[in-house]
Amino acid sequence: MSRLLRYLLTVAVIVLTGCTAIAPSQDNRPVVVVGLYPFQWAAQSVGGDDVVVVSLTQPGADPHDAELSATQVKQLANADLVVFLPGMQAATDKAIVNTVPKRLLNVADVVQLSALPGTKQVGAVGDPSSGLDPHVWLDPARMVAIVSALSQELAQVDPAHAAGYSSRAATVIADLQRLDTEYATGLAQCEIVTFVPSHAAFGYLAQRYGLIQVPISGLAPDIEPSPARLANVRRIAQETSVNTIFFETLSSPALAETLADDLGLLTSVLDPIEGITDASAASDYLGVMRANLQALREANNCR
Ligand SMILES: [Zn+2]
């Protein structure tokens, strides 16, 4: 065999084994299935290279109305751990009941969900899914509890790597606690406490830091608010001296822009972090959370 041929064969073997190591189905690492980006970030941060994380939502897609393919339902059934947030994706709620995953981390068992906390009720949202607010990840303190539970679950699924899960979780929790402190300090003294986001994603955040959201749409972003609701939002925005109407990265800014135009107000981005795209203000959860804090501080004249 020529030296060149031997070299090429060696390279081929390295490439092939390299590929095998990456394909989730062909290695022994636990597969963690998550519904949307913030839990993908949490699972990857805690799991590191010891786990394979599969997200049911494609980057840039709105997780609220995501449908599941047959492959994804199979992924749910075969996962070693499913991180599940009830009330976020009807298709996943249904699939969880039907597939009975091997191991389920139900986020609602870790942090208590409530009905629109931190929110000024501005009339019917025409939203059939309205009930418990699923947007818990926008509250860093609740994320601490979720990351801690995730670390414990992974240690059960894969005890050999428990030390790694635990130490990475400690790092993530320290990051989240720092973020919580930045929010608490940054929003402690604001001239305006009301803010107008595009959909009702920021209730837990508002409640945690003493703000009040007046959302244009309800818990799901794609349901058009009624004219009466829009009139209410407009009235409250004027009464509370709001100067900014927020839109978000994954859905159309049209309603927010029209409202801002009508009222002569500014627009800015407040990102519910339901997915990360090139349009996101940063490349990960912590970065976008910090961009959101900056946007809120500017809009609400915080010192
Ligand atoms: Zn949402």
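So, a few notes on the structure that sits alongside this text.

## What about the packing of aromatic side chains?
Now for step 1: Under the counting rule described, the total for this entry stands at four aromatic pairs.
Now for step 2: Consider the rings of Phe-195 and Phe-202, whose centres lie 6.2 Å apart with planes at 75°: the pair is edge-to-face. With respect to burial, Phe-195 and Phe-202 carry one shared label: buried.

## Remarks on the pairing of strand 3 (residues 81–84)
Now for step 1: Residues Leu-81 and Val-83 point to one face of strand 3 and Val-82 and Phe-84 to the other, with burial holding for every one of them.
Now for step 2: Relative to strand 3, strand 1 (residues 31–34) runs parallel, the two sharing three bridges. Its bridge partner being in strand 3, Val-32 is matched across the sheet by Leu-81.
Now for step 3: Of the strand pairs in this sheet, strand 3 and strand 4 (residues 104–106) are connected by three bridges, and their pairing is parallel. Bridging across to strand 4, Phe-84 finds its partner in Asn-106.

## Some points on unusual backbone geometry
Now for step 1: For Leu-116, which is not a glycine, the phi torsion comes out positive at approximately 40°.
Now for step 2: Along the chain, the position of Leu-116 falls in the loop between helix 5 (107–110) and helix 6 (140–157).
Now for step 3: Residue Ser-241 is not a glycine yet carries a positive backbone phi of 60°.

## Quick word on the nonpolar core
Now for step 1: Judged by nonpolar contacts, the single largest core of 59 residues is most densely connected at Phe-39, Trp-137 and Tyr-285.
Now for step 2: At the level of elements, strand 1, helix 2 (37–47), strand 3, helix 6, helix 7 (162–186), helix 8 (203–209) and helix 11 (285–299) are the ones that each hand at least two residues to this core.
Now for step 3: For this core, the element with the highest residue contribution is helix 11, accounting for eight residues.
Now for step 4: Summarising the domain contributions, this core has at least three residues from each of domain 1 (28–178) and domain 2 (189–299).
Now for step 5: Of all hydrophobic cores here, the second largest spans 16 residues; its members include Val-122, Ile-216, Leu-259 and Leu-263.

Calculation rules
- Every chain is numbered independently, its residues counted from 1 as its sequence is written.
- Reporting in this predicted model follows two pLDDT cut-offs: at least 70 for local features of residues, and 80 or more for side-chain atom pairs to be given and counted; totals over whole chains, interfaces and linings ignore these cut-offs and use all residues.
- To get the side-chain values, take all heavy atoms of the structure and skip hydrogens and water.
- Stacked, edge-to-face and tilted are the three classes for Phe, Tyr and Trp ring pairs, Trp counted by its six-membered ring, which pair at centre distances within 6.5 Å; planes under 30 degrees apart are stacked, over 60 edge-to-face, the rest tilted.
- Burial here depends on accessible area, computed with a 1.4 Å probe over protein chains only, as a share of the maximum for the residue type. Under 20% is buried, over 50% is exposed, and the range in between is partly exposed.
- Numbering goes from the N terminus for both helices and strands, where a helix is a DSSP run of H or I of at least four residues and a strand is a run of E of at least two.
- Paired strands, in this sense, are two strands between which DSSP finds at least two bridges.
- Residues grouped as a nonpolar core are buried Ala, Val, Leu, Ile, Met, Phe, Trp, Tyr and Cys residues, joined through side-chain atoms within 4.5 Å.
- In this document the domain limits rely on a domain assignment from an automatic tool or a database.

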